[in-house]
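Coordinates in review
What follows is each chain in one-letter form.
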Amino acid sequence: MKHTNHSPSRRCIEVVVISIFVTTISFVMPLVWNRCTELPTDMQDWSNQEKNLVEALVPFRCVAGKEYNEVASLIFTDADTAIKQLFHFREAGQDDLSTFSSAALFLFFVPYVFMATIVYGIAIPSGLFVPSLLSGAAFGRLCGHLLHKLDHTSGTFADSGTYALMGAAAVLGGMARMTISLTVILLEATGDMQYVLPLMLTLMAARFTGNVFNEGLYDIHIKLKNIPFLEPEVPTIAERHEIVAGQVMSTDVKCLRPVERAGVVYELLRNYSHGTFPIVDTASQGTLYGTASRSMLCTLLQRRAFGSPDVLSEYDGCGFLGPKRLSPLVQWDTIVRAYPCYPTIDDVEMRPGDENCWLDL
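Just so you know, these numbers come straight off a predicted model, no measurement behind them. (Residues numbered from 1 in each chain as written. Predicted model: local features only at pLDDT ≥ 70, side-chain atom pairs only at ≥ 80, totals over all residues. Heavy atoms only, no water.)

So, about the environment of Leu147. Secondary-structure assignment places Leu147 in helix α6 (residues 129-151). The sequence separation of Leu147 and Asp159 amounts to 12 residues, and the corresponding C-alpha distance is 10.0 Å. Setting aside its immediate chain neighbours within four residues, Leu147 contacts Phe157 and Tyr163. (Helix = DSSP H or I, 4+ residues; strand = E, 2+ residues; numbered from the N terminus. Contact = heavy atoms within 4.5 Å.)

What follows is the structure, encoded as structure tokens:
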């Protein structure tokens, strides 16, 4: 967020330029490959899923029904289909005739990671979960191919599809820094419990390796957006200087009563920029009822969800409300429907006499 372009017109131009760039690169990559691979013919012991994946191979600049372009089959197909191909395609001898070759995987992996990194930062929801899976699967299968070539395909190492699964887990775990949840997700996707230990070891290694260099992507976004987040560990500076909570907390807390004058709420929102205000019953020794968000308070004021000034006139004198409450003047669905375009305090118009009306929070 430090270098975000906030101009709508320039952000639109940025999206168009990057879209043209990504489209051009994606089309040039299969052209650069310019090699056709024969479709596998001996598929008697293949499953129906594997046969369907063979049908999804793209014959870009090749003879349809007989040959396919390896790079185009990864670029021009859906991401989920490409991931399945990397996971399930088998090895067939030293030349890997029924799968993607090492050179094709390398030619796909390097530009794809670069494009996914660039596209993630533009002003459209491009996503990073599936690109992480696809790029990791390609890199993992590439490692499996290299190990098989070193071993001369004698069967010492696991199938390349297993390495593709571990690679997808490693890249996704390094990005999100999640371990248990990703293990469960990938196990549900594969349906094979024999991958529990390899997946856990891979995700833990990815997490520890990533923590050496920086924090997870979601943690970085929390800090860039200045969202207050309480970490489970004590910060180093607080531990070193023995800082306690009372030294950083405010003693003059701006609170609202469970039933408050609309004018008090309006002036509080005008004078303070807090996002949330505590609801405290001062008549019962400061009982905390909950909190009210700024967006909800602005919506209630704009909807004029307050009662007559003389309904609870005795409340101001004694400060004790008791069980008496105002009936709901606005439904919760009305507030929810305003998301994400909640009104601000500048959108609220207070009419003469509204300041003394009661707002039941």
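After presenting the structure, the write-up continues.
This structure, assessed with the given rule, holds 7 aromatic pairs. With a centroid separation of 5.3 Å and 75° between ring planes, the pair formed by Phe60 and Phe76 is classed as edge-to-face. Placement of the pair is Phe60 in the loop between α2 (48-55) and β2 (67-68) and Phe76 in the loop between α3 (70-75) and α4 (79-88), with a sequence separation of 16 residues. Overall, the relative accessible area of 16% leaves Phe60 in the buried class. On the basis of an interplanar angle of 65° and a centroid distance of 6.2 Å, the ring pair of Tyr339 and Tyr342 is categorised as edge-to-face. (Phe/Tyr/Trp six-rings, centres within 6.5 Å; stacked < 30°, edge-to-face > 60°. Buried < 20%, exposed > 50% of the residue type's maximum accessible area, 1.4 Å probe, protein only.)

Quick look at the pairing of strand β4 (residues 276-281) now. Burial of β4 is extensive: 5 of the 6 residues sit out of reach of the surface. Here β4 pairs with strand β5 (residues 287-293) via 6 bridges, running antiparallel. Within β5, the position partnered with Ile279 by the bridge is Gly290. Joining the antiparallel neighbours β4 and β5 is a turn of 5 residues, in which Gln285 adopts a positive phi near 60°. (Pairing = 2+ DSSP bridges.)

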